[in-house]
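What follows is each chain in one-letter form.
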Amino acid sequence: MFAVQAYTPNSQPIDRSETVRLIDRQRPDWSLEQAFYADPAIFALERDLWFPRQWMLVAHASEVPEKGRYIVRQLFDEEIIVVRFGDGEDDIAAYYNVCTHRGSRLCAKDGRGKLLVCPYHAWSFRLTGELQSRQDLPASVDPEALGLHRVPCKGFGGLVFCGLDASSLPDIQPVADGLTGGLRENGLDRARIVARKNYLTKANWKLVLENFLECYHCRPAHPEYYRVNGHVKVTATRDADKAVEWQNEIEAWHSVIGDAEFHKGAWQAGDLDTMPFAMHRKPIGSGRNTLSNTGEGVSSLMGGRHAYDGGESGFRLGRLSFASAANDYVTLFQMIPRNAMETDVILTWLVDKDADNDVDADAISWMWDVTTVQDKKITEDNADGIMSRAYRPGPYTPLESQTSFFVQTYLSELRSLITGTRGATVSQWSAPKELFASPKAASCNTRL
Amino acid sequence: MFAVQAYTPNSQPIDRSETVRLIDRQRPDWSLEQAFYADPAIFALERDLWFPRQWMLVAHASEVPEKGRYIVRQLFDEEIIVVRFGDGEDDIAAYYNVCTHRGSRLCAKDGRGKLLVCPYHAWSFRLTGELQSRQDLPASVDPEALGLHRVPCKGFGGLVFCGLDASSLPDIQPVADGLTGGLRENGLDRARIVARKNYLTKANWKLVLENFLECYHCRPAHPEYYRVNGHVKVTATRDADKAVEWQNEIEAWHSVIGDAEFHKGAWQAGDLDTMPFAMHRKPIGSGRNTLSNTGEGVSSLMGGRHAYDGGESGFRLGRLSFASAANDYVTLFQMIPRNAMETDVILTWLVDKDADNDVDADAISWMWDVTTVQDKKITEDNADGIMSRAYRPGPYTPLESQTSFFVQTYLSELRSLITGTRGATVSQWSAPKELFASPKAASCNTRL
Amino acid sequence: MFAVQAYTPNSQPIDRSETVRLIDRQRPDWSLEQAFYADPAIFALERDLWFPRQWMLVAHASEVPEKGRYIVRQLFDEEIIVVRFGDGEDDIAAYYNVCTHRGSRLCAKDGRGKLLVCPYHAWSFRLTGELQSRQDLPASVDPEALGLHRVPCKGFGGLVFCGLDASSLPDIQPVADGLTGGLRENGLDRARIVARKNYLTKANWKLVLENFLECYHCRPAHPEYYRVNGHVKVTATRDADKAVEWQNEIEAWHSVIGDAEFHKGAWQAGDLDTMPFAMHRKPIGSGRNTLSNTGEGVSSLMGGRHAYDGGESGFRLGRLSFASAANDYVTLFQMIPRNAMETDVILTWLVDKDADNDVDADAISWMWDVTTVQDKKITEDNADGIMSRAYRPGPYTPLESQTSFFVQTYLSELRSLITGTRGATVSQWSAPKELFASPKAASCNTRL
Ligand code: FES
Ligand code: FES
Ligand code: FES
């Protein structure tokens, strides 16, 4: 490890105009300069400008199963309370975990009740946020103005999303419209959690995403993933023979499951005013039923399916959340930036709500656990190397096109947010468009 | 816990004029904005301007019982040496724990000797501070200028006070004049230490004081304290029936101990040039003899008392030190700011110097230990919540009037210190004045 | 320990012109003001301007014994790879441990191979630095520009030196010319490592050097070193009788080993454009054969010597590296600044490469281990004391003249580097010149 882990700032801190200058000198299709991965001033800009525009997956609906249940969760650098306030499917609200009296943390942990009660002076709040107890207030104070601070919150298809700032967030309804069907077909709305794990990664959140969005590293870094997943034949190498092999395998799978199933997909690249999302299906490959070590099933079939078809559905849920649905279990991914050099990567595994109570959680979590442990290590090594004064941006290869597209999008958006003007449009990356125009080829193009 | 504990600064650091602007927009009787509880730049201003004006309780005189004994103690962010240099009662001096040769820490721990000897190059200093060893000095250097750096120091009534800067500190003599009698009557001058404990609290020092100065939180947060102390009938709730109960109890107590004893009290609100102090007595209540779990005595009577009267004497000793004297033991409180987000809270328990050697230290420390452990938790939760971007100042209720007064005083003083002018006077808080004008009511008004 | 270990910055950060103002007000022959020992802004200036001009001892040649062997080492705040790329004695190169693809750390630990392979996407590099694997690159990218980033590297006399910046480093050849003979005569070129230890010292690197360059502290702080080393008679005290004793002892030793041997020495004070170095010999004293607890030998004689002569050769290797050669073992010293308040002090012990495999490493490392453990403690106490607001620079005594000279040199160099002009020349310290003009006296003048 490097002796100096902490970022040693320049004599002069980077300000907004300096950041714009930095953005403008980044070379398309090359990795970013060190400051973007390490400088707390740039992280502060992201925190103030970019994060408030991102919807984040914060929970599965089964975590607040009935009225009065509340949970304490992380939303970027904030702790929030997600509460089911009524009996309707959509009766979920979220609040900052902050008392409006003198600011105490309100809920220490998950719980249930008719009121949320502050541990400091016992102010109590209704599940719908209003201040309940008013007897101690000075007469001059309006209790109506002392309700809990709301967090924008939206549930669909079994998933619960929150965002920091109602005035900055894009409309999430098109994503709900685009993905709810697919989420239900994969059983997300009738699932329960069997495992959750946080892989705290000592690296900037963009390095975590850069890693997640390409499979070029899958051969050297992920022997298990490389063995199990057929798509690495075209996502991890550029090898004409293997590409033909994979093409044949896809066509065979296609002929079995039929076009209808295979074509299911949706895609929105996203920009400052639009929440990006995507959904697509591909075979795992080699006749495997699910993403397990043996290829054999590890839980009950989900989504009303009656037989294994060996497919995996991948979901992009905004910029920082993802889901992978095999036939019998689902993995949720949350990337939560902590600071310029640390990111929480939280994985949650779900099975059908009626699956056996003694399903083997280790078998279910095996694929993504072993892979994420490896990703944590290589991403931290990446972050370490970037701290060197010798680090220079390097070229993304064709196998890293999604990573490159993410970086370009990020730069363009941050620039617009700093300058308050819509800057030069990001040249639209063509691969994702092809993803669903020509699904047989495009399904190869992503790890997810 | 919040993932991000460290304060994430704004892009532009707060400077002095910005701080004045912030001070001026604080709303009277509402809690402060986040920056006052978290910003290192504001803490740096406090450290440079406000702390040097505060006398701090640093030791009990029994810790330096005879000539040559010295102790190493904390004074704000400084380590100091308190030494008894002579046989007179007042022969106590204090020095910064810094050698005048190349700056080494001088004393690693408490000790005794005729000289203070530096562990680095063995320069030695007299107990009165002068450099003793001079043989190695260059001829051009004046050894008289190389004595230890003095720390202003004053002892009275068994307590030892120090402050950082002689030119900024207010006169402490009026406090000595006002409190020495009361301290002696409670036996402080003939006491010995039986326990000491540091409750490192991860919260700004003002949050620690805000907590200490109100009992509104006593019912939800301190079940033991609430059970033992009668005054919570009026300090923890606003309940007419309980107020009458308490009034009756006070009058009964009053009729037993007599006016002379009860009226003992002194009060000085303090301002930039005056050290605040206070002393008052009240009954513990419910016929309890002392502040113990059972109400029964836990050590010998102090201050020459011949029988329990069930009272507690409360002392304010400047802004950051306090004492509570029950009939048979005394508790000292030191609040020591470490940085913008950490405060040492040190409690020291004393008994009569002739008390049995096997007094039960756990029984003696029970009340304030259990209470301070709880206060540490709720104050840290308060600090956590305030770090949220959703935090907004909230209204102090009538039961938090002393807290509100402290905050107002602090703002006014910091403003004056930054601008170099005496700003708008803090509107004098009326309750403390009544404290001794109408003792029967006023004794209800404070936790201490 | 002080409660506040972290440096509490001033409201206004120190910039370059402020640093020049600070430099100009430092008093010659007095220790530096606090900022030089604690301020991260001044450390950042040193990191940007002063460190890149320093050659640093990074390894012994035996650590890369044959072609393909590589080691991962620390060079200031950088991790570097030192690799033997060919069969020639000088075929050693060094690279920043950073992949030129996306910046991953390249080598996790020491190893051997024909290529250096990145763990992330398996890019491979030749031992001579060029990118080997090119098949995945976009066509527009020139693979010749993606070789590893070189670190200036030079080996001589068994030692390997590196520096951060080829354009800033002084010529090291005069040092190789001046010291290779002496290093060989002491067997450095035919040695192997028996022990290595890192004494992480929580103090600014200049405090570590100030400590290392004087023996005034040897009597109070190093009882073992004081007992074993005769030179303390004149380096640790100013005592006429002891000086005569030592003079007699030197003359006796001199008459045995002969003038030729004794006069071996070289000295270059160094300045911005010249790498400082020195070599001299002196007797250990009291008839001791080597620097061991008993004075008896602890390993085989080195450098082709046939009998113990009881001498110690001291080497200065630039500003931050040193070596001490007794007749039968060698100690290397590396001082590596980590940040404004932490310094790695790495000691390496070597013996003749043909010495017994079961030499007693504890006996060999005893003298400098016990001494360095003590130095770590007193230097950390020095750093602690300097953090006080009461700290003021103090006078260096005549026994600290080398320390004072180092401080003067440092100030002068930093000033020149900031202003870009050659400032007032440091008044040449006269003692080191005498070191070799009058060796019998001068050998007394240094601890090393
Ligand atoms: S801070 Fe919540 S009730 Fe006071
Ligand atoms: S630093 Fe105290 S004697 Fe040198
Ligand atoms: S970062 Fe080294 S191969 Fe990609």
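Values in this document were obtained by computation on a predicted structure and should not be read as measured data.

How each quantity is defined
Residues numbered from 1 in each chain as written. Chains lettered and ligands numbered in written order. Predicted model: local features only at pLDDT ≥ 70, side-chain atom pairs only at ≥ 80, totals over all residues. Heavy atoms only, no water. Helix = DSSP H or I, 4+ residues; strand = E, 2+ residues; numbered from the N terminus. Rg over C-alpha atoms; globule rule 2.2 N^0.38 Å. Buried < 20%, exposed > 50% of the residue type's maximum accessible area, 1.4 Å probe, protein only. Contact = heavy atoms within 4.5 Å. Areas by Shrake-Rupley, 256 points an atom, 1.4 Å probe, with all protein chains shown as cover. Lys, Arg positive; Asp, Glu negative; His and termini not counted. Charge placed at Lys NZ, Arg CZ, Asp CG, Glu CD. Buried area = accessible area lost by both parts, 1.4 Å probe. Salt bridge = Lys/Arg side-chain N within 4 Å of Asp/Glu carboxyl O. Polar contact = N/O pair within 3.5 Å; in protein donor to acceptor, adjacent residues only side chain to side chain. Nonpolar A, V, L, I, M, F, W, Y, C, P; charged D, E, K, R; others polar. Phe/Tyr/Trp six-rings, centres within 6.5 Å; stacked < 30°, edge-to-face > 60°. Disulfide = S-S within 2.5 Å. Domains from an automatic or database assignment. Least-squares fit on C-alpha atoms with pLDDT ≥ 70 in both.

1. A few points about the overall build of chain A
Part 1: Broken down by element type, chain A carries 13 helices and 17 strands.
Part 2: Computed over C-alpha atoms, the radius of gyration of chain A comes to 23 Å, within 12% of the 22 Å expected from 2.2 N^0.38 for 448 residues, which places it in the range of a compact globule.
Part 3: Seen through its principal axes, chain A has C-alpha atoms that stretch 80 × 60 × 40 Å.
Part 4: Evaluated residue by residue, chain A yields a buried proportion of 62% over its 448 residues.
Part 5: Long-range contacts, defined as pairs at least 24 residues apart, comprise 65% of the intrachain contacts of chain A with a sequence gap of at least 6.
Part 6: For chain A, the accessible surface area stands at approximately 16,400 Å², while carbon and sulfur atoms represent 49% of it.
Part 7: Of note, chain A has its 49 positive side-chain charges centred 2 Å away from the centre of its 59 negative side-chain charges.

2. Examining the interface of chain A and chain B
Part 1: Facing the 34 residues of chain A at the interface are 37 residues of chain B.
Part 2: Summing the contributions of chain A and of chain B, the shared interface buries around 3,000 Å²; its carbon and sulfur component is 53%.
Part 3: Of all residues in chain A, the largest losses of buried area upon contact with chain B belong to Arg102, Arg105 and Tyr120 of chain A, amounting jointly to 26% of the total for that side.
Part 4: On inspection of chain A and its partner chain B, the count reaches 6 salt bridges.
Part 5: The closest approach of N and O atoms between Glu214 of chain B and Arg102 of chain A, which form a salt bridge, is 2.9 Å.
Part 6: Our count for the chain A to chain B interface comes out at 17 residue pairs in polar contact (both at pLDDT 80 or more).
Part 7: Mapped by element, the contributors of at least two residues to the side of chain A that touches chain B are α3 (40-50) and β3 (78-84) of chain A.
Part 8: Ranked by residues supplied to the side of chain A that touches chain B, first place goes to α3 of chain A with 4 residues.
Part 9: Per-class residue counts for the side of chain A that touches chain B are 14 nonpolar, 9 polar and 11 charged.

3. Here's the deal with the packing of aromatic side chains
Residue and element names in this part refer to chain B.
Part 1: Evaluated as defined, the whole model comprises 48 aromatic pairs over all chains.
Part 2: Residues Trp50 and Tyr410 carry aromatic rings whose centres are separated by 6.2 Å and whose planes lie at 70 degrees to one another, so their mutual orientation is edge-to-face. Taken as a pair, Trp50 in helix α3 (residues 40-50) and Tyr410 in helix α11 (residues 401-419) lie far apart in primary sequence, 360 residues in all.
Part 3: Judged by relative accessible area, Trp50 falls into the buried class, the value being 0%.
Part 4: Under the relative-accessibility criterion, Tyr410 is labelled buried at 1%.

4. Concerning the state of the cysteines
Residue and element names in this part refer to chain A.
Part 1: The final tally for this structure, using the stated rule, is 3 disulfides over all chains.
Part 2: Through a disulfide, Cys215 is tied to Cys218; the S-S separation comes to 2.1 Å. Disulfide Cys215-Cys218: the torsion about the S-S bond is -100 degrees, which places it as left-handed. For the pair Cys215 and Cys218, a shared accessibility class is recorded, and that class is buried.

5. As for the domain arrangement of chain A
All names here are of chain A.
Part 1: One can read the domain layout of chain A as domain 1 (56-155) and domain 2 (171-442).
Part 2: Here the C-alpha centroids of domain 1 and domain 2 sit 33 Å apart.
Part 3: At the junction of the two partners, domain 1 supplies 11 residues and domain 2 supplies 20 residues.
Part 4: Here domain 1 and domain 2 share an interface that buries about 1,200 Å² over both sides, 62% of which is from carbon and sulfur atoms.
Part 5: Per-residue buried area on domain 1 facing domain 2 is highest for Leu57, His60 and Lys154; these three make up 49% of the total on that side.
Part 6: Linking domain 1 to domain 2 there are 2 salt bridges.

6. A look at the interface of chain A and chain C
Part 1: Across the boundary between the two partners, chain A contributes 37 residues, which contact 34 residues of chain C.
Part 2: Approximately 3,000 Å² of surface area, both sides summed, lies buried where chain A meets chain C, with 52% of it carried by carbon and sulfur atoms.
Part 3: Our count for the contact surface shared by chain A and chain C stands at 6 salt bridges.
Part 4: Counting across the interface, chain A meets chain C through 17 residue pairs in polar contact (both at pLDDT 80 or more).
Part 5: Listing elements by their share of the side of chain A that touches chain C, those giving two or more residues are α5 (205-212), α6 (218-221) and α10 (361-386) of chain A.
Part 6: The leading source of residues in the side of chain A that touches chain C is α10 of chain A, at 6 residues.
Part 7: Its residues placed into classes, the side of chain A that touches chain C shows 17 nonpolar, 12 polar and 8 charged.

7. Looking at the pattern of salt bridges
Part 1: As enumerated under the stated definition, the model contains 97 salt bridges over all chains in all.
Part 2: Glu144 of chain A serves as the salt-bridge partner of Arg134 of chain A, at 3.1 Å between the closest nitrogen and oxygen. On the criterion of sequence distance, the pair formed by Arg134 of chain A in the loop between β7 (124-126) and β8 (150-151) and Glu144 of chain A in the loop between β7 and β8 is long-range, its members being 10 residues apart.
Part 3: According to the relative accessible area criterion, Arg134 of chain A is partly exposed, its value standing at 29%.
Part 4: Take Glu144 of chain A: its relative accessible area is 56%, and that puts it in the exposed class.
Part 5: Between Arg105 of chain C and Asp381 of chain A there is a salt bridge, with its nearest N and O atoms 3.7 Å apart. Within this pair, whereas Arg105 of chain C is found in the loop between β4 (92-96) and β5 (111-112), its partner Asp381 of chain A is found in helix α10, the two belonging to separate chains. Of the two residues examined, Arg105 of chain C and Asp381 of chain A, each falls in the buried class.

8. Some remarks on the relation of the copies chain A and chain B
In this arrangement, two copies of a chain are superimposed by a rotation about an axis accompanied by a shift along the axis.
Part 1: Superposition of chain A onto chain B requires a rotation of 120 degrees combined with a translation of 0.0 Å along the rotation axis, giving an RMSD of 0.0 Å. Accordingly, the operation relating the two chain copies is best matched by a three-fold axis.

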